[in-house]
Amino acid sequence: MPHALVTGASSGIGAAIVERLLRDGWRVTGVSRRPATFDNPAFRHLPLDLSDVDAIAGAVADVTPTALVHAAGFLKVGRLGKLSHGDGAAMWRLHVDAAERLANMLAPRLPPGGRIVFIGSRTASGAAGRGQYAASKAALVAMARSWAAELAPRGITVNVVAPAATETPMLNDPARGDVAPKLPPIGRFIRPEEVAAAVAFLLSSEAGAITGQQLVICGGSSL
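Residues numbered from 1 in each chain as written. Predicted model: local features only at pLDDT ≥ 70, side-chain atom pairs only at ≥ 80, totals over all residues. Heavy atoms only, no water.

K.L.:
Is there a simple way to think about the side chain of His 95 in this case?
P.N.:
By the secondary structure assignment, His 95 is in helix H3 (residues 85–106). A polar atom in the side chain of His 95 sits 3.1 Å from the backbone nitrogen of Phe 74. Those residues within four positions of His 95 in sequence are excluded, and the remaining contacts are His 70, Ala 72, Gly 73, Phe 74, Tyr 133, Ser 136, Lys 137 and Leu 140. (Helix = DSSP H or I, 4+ residues; strand = E, 2+ residues; numbered from the N terminus. Polar contact = N/O pair within 3.5 Å; in protein donor to acceptor, adjacent residues only side chain to side chain. Contact = heavy atoms within 4.5 Å.)

Structure representation (structure tokens):
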């Protein structure tokens, strides 16, 4: 049975990914600060605050997955001239530093055919009021491409799934302030299960020739 370690497992996109993988027959270790309970014997919750990056190595020391999915994330907005360095550092720590430490620990243990998927954002290409968030998500693409080149000889792929505004708690977070989410041209926001389906495909054997790529799920927002 394949085994995935999925961060952000308690809600939003992370929870949707856990549900999809369990349905597909995966064993899942779900990482989150808050309790994540799934009525499935193949699920194990690993309580961990990923913003405490120094705790990551010890927490995953005994985990030997076949796939890593880093879905944990949050959004703080701010326009130039009023940026909070603390907010930017916190997003970088969770989105980039945690991803780096997880991959650094787990990649050597991944078997041939292993998978790494990061949840990025369409915003990585830039968006007013979200520069710090965009920068952290853009960094995931650079890391994925670099590590894809390193791991390709072992048959391990590294990709980014980058959704536009998705129906998660983040969508209505008061921390967005006056930076409202934009409705995609398809007339609705992206659904978490649609992102999970893309992740499930990239983790499959059929996606073995796809690596170092960013799959944007935007409902036409990029047109």
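K.L.:
For this particular structure, what's the right way to read the nonpolar core?
P.N.:
The nonpolar side chains of a soluble globular protein tend to be buried with one another. Grouped together as the largest cluster of nonpolar side chains are 34 residues, with contacts concentrated most on Ile 17, Leu 21 and Val 161. Formed by 33 residues, the second largest nonpolar core is a distinct cluster that contains Val 31, Leu 50, Ile 56 and Val 141. (Core = buried A, V, L, I, M, F, W, Y, C linked by side-chain atoms within 4.5 Å. Buried < 20%, exposed > 50% of the residue type's maximum accessible area, 1.4 Å probe, protein only.)

K.L.:
How should the sheet that holds strand E3 (residues 43–47) be read in this particular structure?
P.N.:
Picture the strands of a sheet paired through backbone hydrogen bonds; they go either parallel or antiparallel. Pairing is parallel across the open sheet formed by 7 strands, whose spatial order is E3-E2-E1-E4-E5-E6-E7. Edge positions in the sheet fall to E3 and strand E7 (214–217), since each has one partner strand and no second. Put simply, the sheet's adjacent strands are angled 15° from each other on average, direction ignored. Relative to strand E6 (residues 157–163), strand E5 (residues 115–119) runs parallel, the two sharing 5 bridges. Residue pairing for E6: Phe 118 is matched across the bridge by Val 160. Along the sheet, H3 makes contact with strand E1 (3–7), strand E4 (67–70) and E5, crossing E4 at roughly 170°. (Pairing = 2+ DSSP bridges. Axes fitted to C-alpha atoms, helices over the stretch in contact; angles between N-to-C directions.)

K.L.:
I'm lost on the packing of aromatic side chains in this one. Help?
P.N.:
Summed over the entire model, instances satisfying the criterion amount to 2 aromatic pairs. Ring centres of Phe 38 and Phe 43 lie 4.8 Å apart, and the angle between their planes is 65°; this geometry places the pair in the edge-to-face category. Residue Phe 38 shares its accessibility class with Phe 43, and that shared class is buried. When the ring of Phe 118 is compared with that of Trp 147, the centres are 6.1 Å apart and the planes differ by 70°; the resulting orientation is edge-to-face. Of the two residues, Phe 118 sits in strand E5 while Trp 147 sits in helix H4 (residues 131–151), which places them 29 residues apart along the sequence. Residues Phe 118 and Trp 147 agree in their burial class; the two are buried. (Phe/Tyr/Trp six-rings, centres within 6.5 Å; stacked < 30°, edge-to-face > 60°.)

K.L.:
Would you mind going over the pattern of salt bridges with me for this structure?
P.N.:
Opposite charge on two side chains lets them pair, provided their charged atoms get close. Tallying each qualifying case throughout the model produces 5 salt bridges. Of the charged contacts, one joins Glu 194 and Arg 188 as a salt bridge, the two residues approaching to 2.7 Å between their closest N and O atoms. Given a relative accessible area of 27%, Glu 194 falls into the partly exposed group. The structure contains a network of salt bridges with shared partners spanning Asp 54, Asp 97 and Arg 101. (Salt bridge = Lys/Arg side-chain N within 4 Å of Asp/Glu carboxyl O.)

K.L.:
Is there a simple way to think about the packing of H3 against H4 in this case?
P.N.:
Geometrically, a packed helix pair is captured by the angle between its two axes and the distance between the axes. One can describe the packing of H3 onto H4 by two numbers: an axis separation of 9 Å at closest approach and a directional angle of 15°. With respect to H4, the element H3 is oriented roughly parallel. Pair H3 / H4 crosses with right-handed handedness. For the pair H3 and H4, the contacting residues are His 85, Gly 88, Met 91, Trp 92, His 95, Val 96, Ala 99, Glu 100 and Ala 103 in the first and Gln 132, Tyr 133, Ala 135, Ser 136, Lys 137, Ala 139, Leu 140, Met 143 and Trp 147 in the second. (Parallel < 35°, antiparallel > 145°, perpendicular 65-115°, else oblique. Left-handed = near helix turned anticlockwise from the far one by under 90°.)

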